[in-house]
Amino acid sequence: MADLRNAFVCGHPISHSRSPLIHSYWLETHGIRGTYRAVDVPPDDFAAFVAKIADRGFVGGNVTIPHKEAALRAAAVHEPVAEMIGAANTLWLEDGRLHTTNTDAYGFAANLDERLPGWEVESTALVIGAGGASRAVLYALLERGFKTIHLANRTVARARELADRFGARVEPHQLEAMNELASEVGLVVNTSSLGMKGDGDVPLDVSQLKPDALVTDIVYVPLMTPLLQRAKDRGLRIADGLGMLLNQAAPGFEKWFGVRPVVSEKLRNLVIADMEKR
Ligand code: ATR
């Protein structure tokens, strides 16, 4: 019988995480002897936690807020994508050393591949927000060949920092500039927390967008954010953010348990049902 393999998701707080639901579903459907559980690790305890991953019987795990930057520093081997994004969300032990990557950019792109096939033929994007999630989105858009990425943020200095980090294809703007830029772009991505849990709305006038523009939001609570609803009402093609969460989980599962899992509609519905409960 195969060895029992154990993985974790650590963060602080962690009780809201849907990752145990996702990975437990895959363990069960693939018939793998393994566990995946949430561990609450306060910031002061993170270094001690990662130093003892093997001693605790783990093969690796996910890392979420507030440990994503510390996870990058803690690992011996980084994939270039994690260095470029400046944060890591996936850890695994390989040849006795701690390796890390960031699967958020992959998850973002894979979600659009599923929900908005052909999205990458667009060449100009508007990205709203310049926090941690924005960096993963910028990485994915640049990798898929976007030529111009307008980056609008409330704190324009943060948008400028990301433009310096990612190069001349990223153009920083104030948040208010988005409505002047709207008619030029083929893809709109909200990475800000506006619209999350009924908190505010992205101040984008969707009537300014081209009729074939695509709109996506990485916020997935609620699934239909006010921005997505307004875009849909205008007849634009939209993609919600849940698929990014589901897809970013797949590469980690493969590292720890040796099988590439499928992001199915059944899994998506399971997570939606869980979101409706709590
Ligand atoms: P994450 O890692 O999820 O991206 P974050 O780093 O805290 O989270 O970034 C949150 C983003 O939402 C930032 O772009 C933030 O703008 P600032 O850089 O100006 O803080 C944006 N945001 C949050 N609340 C906002 C609000 N009320 N209006 C406009 N932007 C907001």
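Thresholds, definitions, all that
- Each residue is numbered by its place in its chain's sequence as written, counting from 1.
- Only residues with pLDDT of at least 70 get local features here, since the model is predicted, and only at 80 or more are side-chain atom pairs given and counted; chain-wide, interface and lining totals rely on the full set of residues.
- Hydrogens and waters are ignored; side-chain quantities use all the structure's heavy atoms.
- Fitted lines through C-alpha atoms give the axes, limited to the stretch in contact for helices. The angle between two N-to-C directions lies from 0 to 180 degrees.
- Runs of E in the DSSP output that reach at least two residues are strands. Runs of H or I that reach at least four are helices, and both are numbered from the N terminus.
- Roughly parallel here means an angle under 35 degrees, roughly antiparallel means over 145, roughly perpendicular means 65 to 115, and every remaining angle is called oblique.
- When the near helix sits turned anticlockwise from the far one by under a right angle, the crossing is termed left-handed; a clockwise turn instead gives a right-handed crossing.
- Note on contacts: a residue pair is in contact if any heavy atoms of the two residues lie within 4.5 Å.
- Note on residue classes: Ala, Val, Leu, Ile, Met, Phe, Trp, Tyr, Cys and Pro are nonpolar, Asp, Glu, Lys and Arg are charged, and everything else, Gly too, is polar.
- Distances are taken per atom, and a residue is near a molecule or strand as soon as one of its heavy atoms is within 4 Å of it.
- Pairs of N or O atoms within 3.5 Å make up the polar contacts considered here, provided that, within protein, one atom can donate a hydrogen while the other can accept it, and that residues adjacent in sequence are counted only when both atoms are side-chain atoms.
- Accessible surface is estimated by sampling points in the Shrake-Rupley manner with a 1.4 Å probe; for residues, cover comes only from the protein chains shown.
- Categorising residues by exposure relies on relative accessible area from a 1.4 Å probe, with only protein chains included: less than 20% of the type maximum marks a residue as buried, more than 50% marks it as exposed, and the intermediate range marks it as partly exposed.

**Points about the packing of helix H10 (residues 242-257) against helix H11 (residues 265-277)**
Working step 1: Packing of H10 against H11 brings their axes to within 11 Å, and their N-to-C directions diverge by 120 degrees. Between H10 and H11, the angle is such that the two are oblique. The interaxial crossing formed by H10 with H11 has right-handed handedness. Seen from H10, the contacting residues are Leu242, Gly243 and Leu246; seen from H11, they are Leu267, Arg268, Val271, Ile272 and Met275.
Working step 2: Across the contact of H10 with H11, the residue classes break down as six nonpolar, one polar and one charged.

**Some points on the site of the ligand**
Working step 1: Taken together, 13 residues form the shell around the ligand, and within it Ala130, Asn153, Arg154, Thr155 and Arg158 come nearest.
Working step 2: Arg158 is positioned such that a nitrogen or oxygen atom in its side chain is 2.9 Å from an oxygen atom of the ligand.
Working step 3: In isolation the ligand has 650 Å² of accessible area, and contact with the protein removes 67% of it.
Working step 4: The residue makeup of the shell around the ligand, split by class, is four nonpolar, seven polar and two charged.

**Structural notes on the environment of Ala7**
Working step 1: Within the element layout of this structure, Ala7 appears in strand E1 (residues 5-11).
Working step 2: Of the residues examined, Ala7 reaches a relative accessible area of 0% and is grouped as buried.
Working step 3: Placed 50 residues apart in sequence, Ala7 and Gly57 show a C-alpha to C-alpha distance of 8.5 Å.
Working step 4: When neighbours within four sequence positions are excluded, Ala7 is seen to be in contact with Thr35, Tyr36, Arg37, Phe58, Gly60, Trp256 and Phe257.

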